[in-house]
Amino acid sequence: MDDWKTKFNYGVKVSVKTTKLFLKWGIFSITIGLVVGGIGTAFGKAMHWATSTRIAHENLLFFLPISGIFIVFFYWLLKDKNSGTNIIISAIHSGDSIPIQMAPLIFISTIITHLFGGSAGREGAALQLGGSIGTQLGHWLKLNELDQKIVIMCGMSASFSALFGTPMAATIFSMEVVSVGVLYYSALVPCVCSAFIGAGVAKYFGLMPESFPLTVIPEFTISNAIRLVFLAVGCAIISIIFCIILHTSEYLYKKYFKNAYVRIFVGGILVILFTLLIGTRTYNGAGMDVIATAIETGTVPKGAFLFKMIITALTLGAGFKGGEIVPSFFVGATFGCAISSLIGLPPELCSAVGMTAVFCGATNCPITSLLISFELFGYGGMPYYAIAIALSYTLSGYFGLYHSQKIIYSKYRPVYVNKRTI
């Protein structure tokens, strides 16, 4: 009898505690979703303006070097260390604060980069916007260090979801990208809430989610599975090359151009020269239109994935702002499309598979990659997505876009390794 009473009392205490936590994080995550989702929406609309303006006025490209000087000056003026997305990931590991000035800096500098023709994504800005605003809200709400980590992840989820319209993937990405092999499940409910509210805010204000439903999906057979393996292996290799090129370009820029102003000015000149050399503006900006073309029509320029890798490395390595994830989407989609004829699968399917497989290899986020596939392309190609993502995740080794990302458990054996990505 006493044992029953003890269990009952314990159950009541746990229920009360859980209810309080649920209400607490419900209020916090709704607040974060509304605030960060709204700012992410404003950023998304500003990005659309920058892209359309650049396309309408191609000569803006020639002002890229000068615009880079302003970016460096803004970061110096506000005394920001200019650490980018890595500082967001590090803050979740260490519990350090993220400076609030990161939000306006990354907002303005990413718009400048895209307006004047730099090749970059937008998710880097999304993660930094969400992380810095989330941190500030955590300070105002007087949260402790452990809760601050969850707030940062909520901010990341809300901003990522607002920009891409993929709330399921946004929820898991902020939890998965930090520590590969370990998910912060305590952040699941808050991140889900923030992500869906962020996406809802964006949709309410007319920022529609990306969507590329596939219409041609062949039957999944052993023959097609074997063909898919070749694509997945290629995507893993491409993701490694992409990471190496990005990190090497940053290293070389800093080695030969110690001064940040000179470095970014030279980078702008190199982007201009490379653009003129290849004779097209296709690879400037984020390139979502090329991704859409690859997936919807199965046609892309030859060598598109290689050109995108080079011009993105020239841009980001020099100090221009944006992100690496959308370029990885571009590289993966165009690579998959390019080799579709060699492996005998529809180019639209290969583009979709290539996009998420390269993303997975570069970010080490297989669950996020699978959810992105479902949200962008539909569930019909599930076997193709799952196999390609699993192989790319395993074969890409310990390479990654973010040096602050930790591999907690080995990709190859059930052992604890706790090492940073290469």
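The model shown is predicted, which means the values in this text are computed figures rather than measured ones. (Residues numbered from 1 in each chain as written. Predicted model: local features only at pLDDT ≥ 70, side-chain atom pairs only at ≥ 80, totals over all residues. Heavy atoms only, no water.)

Draft legend 1. The arrangement of the overall build of the protein in detail. In terms of helices and strands, the protein carries 16 helices and 3 strands. Taken over C-alpha atoms, the radius of gyration comes to 22 Å for the protein, in line with the 22 Å a tight globule of 422 residues would show. Buried positions account for 56% of the 422 residues belonging to the protein. The contacts of the protein with a sequence gap of at least 6 include a subset with a gap of at least 24, amounting to 76%. Counting every atom, the protein has about 17,800 Å² of accessible surface; 69% of that belongs to carbon and sulfur. (Helix = DSSP H or I, 4+ residues; strand = E, 2+ residues; numbered from the N terminus. Rg over C-alpha atoms; globule rule 2.2 N^0.38 Å. Buried < 20%, exposed > 50% of the residue type's maximum accessible area, 1.4 Å probe, protein only. Contact = heavy atoms within 4.5 Å. Areas by Shrake-Rupley, 256 points an atom, 1.4 Å probe, with all protein chains shown as cover.)

Draft legend 2. Local environment of the nonpolar core. Within the largest apolar cluster, 126 residues are counted, with the highest numbers of intra-cluster contacts made by Leu-231 and Phe-377. Not counting residues within four places of it along the chain, the set of residues in contact with Phe-377 comprises Phe-212, Pro-213, Leu-214, Ile-295, Ala-352, Met-355, Thr-356, Ile-372 and Tyr-385. (Core = buried A, V, L, I, M, F, W, Y, C linked by side-chain atoms within 4.5 Å.)

Draft legend 3. Looking closely at helix H6 (residues 145–164). Helix length check: H6 (20 residues) gives 29 Å between terminal C-alpha atoms against 28 Å at 1.5 Å per residue, within 8%. Count one or two residues on from H6 and you reach Gly-165, which has phi positive near 70°. (Expected span 1.5 Å × (residues − 1).)

Draft legend 4. Focus on the pattern of salt bridges. If you walk through the whole model with that rule in mind, you get 3 salt bridges. As a salt-bridge pair, Lys-24 and Asp-147 come within 2.7 Å of each other at their nearest N and O atoms. Highlighted residues: Lys-24 in helix H1 (residues 2–56) and Asp-147 in helix H6, separated in sequence by 123 residues. A salt bridge links Lys-254 to Glu-250; the shortest N-O distance between them is 3.2 Å. With Lys-254 and Glu-250 both in helix H9 (residues 222–256) and 4 residues apart, the pair spans about one turn of that helix. For Lys-254, a relative accessible area of 43% gives the class partly exposed. (Salt bridge = Lys/Arg side-chain N within 4 Å of Asp/Glu carboxyl O.)

Draft legend 5. Layout of the sheet that holds strand E3 (residues 416–420). The 3 strands are arranged E1-E2-E3 in an open sheet whose pairing can be described as mixed. Of all strands in the sheet, those with a lone pairing partner are strand E1 (179–180) and E3, marking the two edges. Sheet topology places E1 next to strand E2 (residues 406–409); 2 bridges connect them, and they run parallel. Within E2, the position partnered with Ser-179 by the bridge is Lys-406. (Pairing = 2+ DSSP bridges.)

Draft legend 6. Main features of the pairing of E2. Judged from the 3 bridges that link them, E2 and E3 form a sheet pairing that is antiparallel. Residue Ile-407 lies in a different strand from E3, and its bridge partner there is Lys-419. Where E2 folds back on E3, the antiparallel hairpin that results is connected by 6 residues.

Draft legend 7. Quick look at the packing of aromatic side chains. In the structure shown here, the tally under the stated rule is 22 aromatic pairs. Taken together, a centroid distance of 6.1 Å and an interplanar angle of 70° make the contact between Phe-274 and Phe-307 edge-to-face. Placement of Phe-274 in helix H10 (residues 260–278) and of Phe-307 in helix H12 (residues 304–318) is noted, with a sequence separation of 33 residues between them. Residue classification places Phe-307 among the partly exposed residues on the basis of a relative accessible area of 27%. An aromatic cluster of at least three residues, connected via ring pairs, comprises Phe-160, Phe-164, Phe-173, Phe-329 and Phe-359. Lying across the ring of Tyr-75, Lys-321 places its NZ or CZ 5.0 Å from the centre. Above the plane of the ring of Tyr-393 lies Lys-411, whose end atom (NZ or CZ) is 4.4 Å from the centre. (Phe/Tyr/Trp six-rings, centres within 6.5 Å; stacked < 30°, edge-to-face > 60°. Lys NZ or Arg CZ within 6 Å of the ring centre and 35° of its normal.)

Draft legend 8. Focus on the environment of Ile-245. Among the secondary structure elements, Ile-245 is positioned in helix H9. Ile-245 gets classed as partly exposed once you look at its relative accessible area, which sits at 25%. A sequence separation of 78 residues divides Ile-245 from Gly-323, and the C-alpha atoms of the two residues are 14 Å apart. Apart from residues lying up to four places away in sequence, Ile-245 is in contact with Met-309 and Ala-313.

Draft legend 9. Layout of unusual backbone geometry. The phi angle at Asn-364 is positive, at roughly 60°, despite the residue not being glycine. Mapped onto the secondary structure, Asn-364 falls in the loop between helix H14 (347–363) and helix H15 (366–377). Its identity is not glycine, yet Asn-418 carries a phi of approximately 50°, on the positive side. Examined against the element boundaries, Asn-418 turns out to sit in strand E3.

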